[in-house]
Amino acid sequence: MRKLRTQVGIVGAGPAGLLLAHLLHLEAIDSVVLESRSRDYVERRVRAGVLEQGSVELLNESGVGERMRREGLVHHGIEVRFGGAGHRIDFPELTGGRSITVYGQQEVVKDLVAARIAAGCELRFGVGDVAVHDVESDAPRISFRDGADEFELACDVVAGCDGFHGICRQAIPTANLSVFERVYPFAWLGILAAAPPTHDELIYAYHERGFALYSMRSPEITRLYIQVAPDEDIADWPDERIWQELHARLETSDGWKLREGPVLEKGVTGMRSFVAEPMQYGRLYLAGDAAHIVPPTGAKGMNLAIADVRVLAGALIGFFKARRTDLLEAYSATCLKRVWRAEHFSWWMTSMLHRFPGDDGFQQRLQRSQLDYVVSSRVAAASLAENYVGLPFA
Ligand SMILES: Cc1cc2nc3c(=O)[nH]c(=O)nc-3n(C[C@H](O)[C@H](O)[C@H](O)COP(=O)(O)OP(=O)(O)OC[C@H]3O[C@@H](n4cnc5c(N)ncnc54)[C@H](O)[C@@H]3O)c2cc1C
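An account of the accompanying structure is given in this report. (Residues numbered from 1 in each chain as written. Predicted model: local features only at pLDDT ≥ 70, side-chain atom pairs only at ≥ 80, totals over all residues. Heavy atoms only, no water.)

With that settled, the discussion passes to the packing of aromatic side chains. By the definition in use, this model includes 15 aromatic pairs. Taken together, a centroid distance of 5.3 Å and an interplanar angle of 25° make the contact between Phe 91 and Tyr 388 stacked. Pair noted here: Phe 91 is in helix α5 (residues 91-95) and Tyr 388 is in helix α11 (residues 378-389), with a separation of 297 residues, a long-range link. Assigned by exposure class, Phe 91 and Tyr 388 land together as buried. With 5.0 Å between their ring centres and 85° between their planes, Phe 186 and Phe 356 make a pair best called edge-to-face. With Phe 186 in strand β14 (residues 178-193) and Phe 356 in the loop between α9 (326-353) and α10 (361-376), this residue pair connects regions lying 170 residues apart in the sequence. Overall, Phe 356 belongs to the partly exposed group, its relative accessible area being 21%. (Phe/Tyr/Trp six-rings, centres within 6.5 Å; stacked < 30°, edge-to-face > 60°. Helix = DSSP H or I, 4+ residues; strand = E, 2+ residues; numbered from the N terminus. Buried < 20%, exposed > 50% of the residue type's maximum accessible area, 1.4 Å probe, protein only.)

What follows is the structure in structure tokens.
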């Protein structure tokens, strides 16, 4: 067993773990990042793609925004489609000038991995048997295997940034954790297509055949989703059937046409809301999907991960530089305020835009009334816009 030592042991090299390591490095706080997958895998994993303005500002301020500024697509609104017509929600006009940037999560990950490697800091891919120990004490440890070697990493603090299926949350005794959860009775079938976008902004479509989302990742690539059953078998969805469904749900009589192209990737993702409280146990701090997940309708998953580690980095800087413990003690409560706002917004968008199995005329008329209100009332549109672009950091 080989022994290592660091100040912050970080499990997981997703947006949360990598950004935390970067923010700590800028303050000369040492960390080791342990990732079970390969570098190639994490840099190709297509997931979220919408960055709130606050996330963009944080990436820029911390020096990893150069490629995002060049390649990211700044969007000033979204379109909500229903009843055969589109309605634009203008973000800057409704939020005092705020916007979003479309830039793939895998691109954020690539930029952060590159920064970590350029700084010569430790980031181990492909590690196995990761386990956390003694997190109740002030000398927690992480054991792991790297190739044929077994390691033990002594830390002052462990950051659990290992996503929803990671081991860190599971290391917390169930008696010390409260879990709040909703599983939705549908999933999203998503495709990535080599087709230049034919619309400048995201389109959220409420349709009798089910929800659809039109989005893009770059000037060459579109990202499209349709609502399907939660147990949908992707094998039942040849590309032609997916395109047919997308045309039916997204196109209206306004003449706009969806452009088809080779499907590069496709998959079905379940929809769930989940929060584990508190986001801390002893010297173990959870961040990002390890502590909470949202259905993707509100585009909040990656942004919440970024917001968490912004708070955690600040608290750890206070701890290591000034021996302050108050910020770490407040970490969970500080994050959960933003987390629950995003949970509500994501649930609300999901409930407004999807067809629920067994819903009746009453339910559908309520949805239509809500949609009409959102696109006709400035106050209601401003509320959607404010949540979508992201509330300012506390
Ligand atoms: C299929 C899919 C599609 C999504 N689409 C969208 C979307 O369109 N819009 C949106 O806003 N959000 C979306 N999300 C959510 C968003 O991607 C997440 O919120 C975001 O990835 C959270 O970042 P994170 O760093 O907390 O977790 P992750 O990105 O999950 O990173 C956790 C990392 O920990 C690693 N890990 C796990 N276990 C271990 C272990 N035992 N040891 C070491 N490493 C470990 C994992 O390999 C991973 O690299 C999607 C999520 C999924 C799963």
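There's more to say after this.
Counting residues in each nonpolar core, the largest one holds 77 residues, and the members touching the most others are Ile 10, Leu 20, Leu 51, Ile 142 and Leu 316. A total of 12 residues in this core trace back to one element, the largest contributor, which is helix α8 (residues 301-322). Apart from residues no more than four positions distant in its own chain, Leu 316 is found in contact with Val 8, Leu 20, Leu 24, Ile 29, Val 157 and Leu 328. Among the nonpolar cores identified, the runner-up in size contains 52 residues, and Ile 78, Trp 243, Leu 250 and Met 271 belong to it. (Core = buried A, V, L, I, M, F, W, Y, C linked by side-chain atoms within 4.5 Å. Contact = heavy atoms within 4.5 Å.)

The environment of the ligand is formed by 31 residues, the closest being Glu 35, Arg 45, Arg 47, Gln 105 and Asp 289. Between the ligand and Ala 16, the relevant distance is 2.9 Å, taken from an oxygen atom to a main-chain nitrogen or oxygen of the residue. Isolated, the ligand exposes 1,000 Å² of accessible area, and the fraction of that covered by the protein chains is 84%. The element contributing the most residues to the shell around the ligand is α8, with 3 residues. The residue makeup of the shell around the ligand, split by class, is 15 nonpolar, 9 polar and 7 charged. (Near = heavy atom within 4 Å. Polar contact = N/O pair within 3.5 Å; in protein donor to acceptor, adjacent residues only side chain to side chain. Areas by Shrake-Rupley, 256 points an atom, 1.4 Å probe, with all protein chains shown as cover. Nonpolar A, V, L, I, M, F, W, Y, C, P; charged D, E, K, R; others polar.)

These results come straight from atomic positions and should not be treated as a statement about function.
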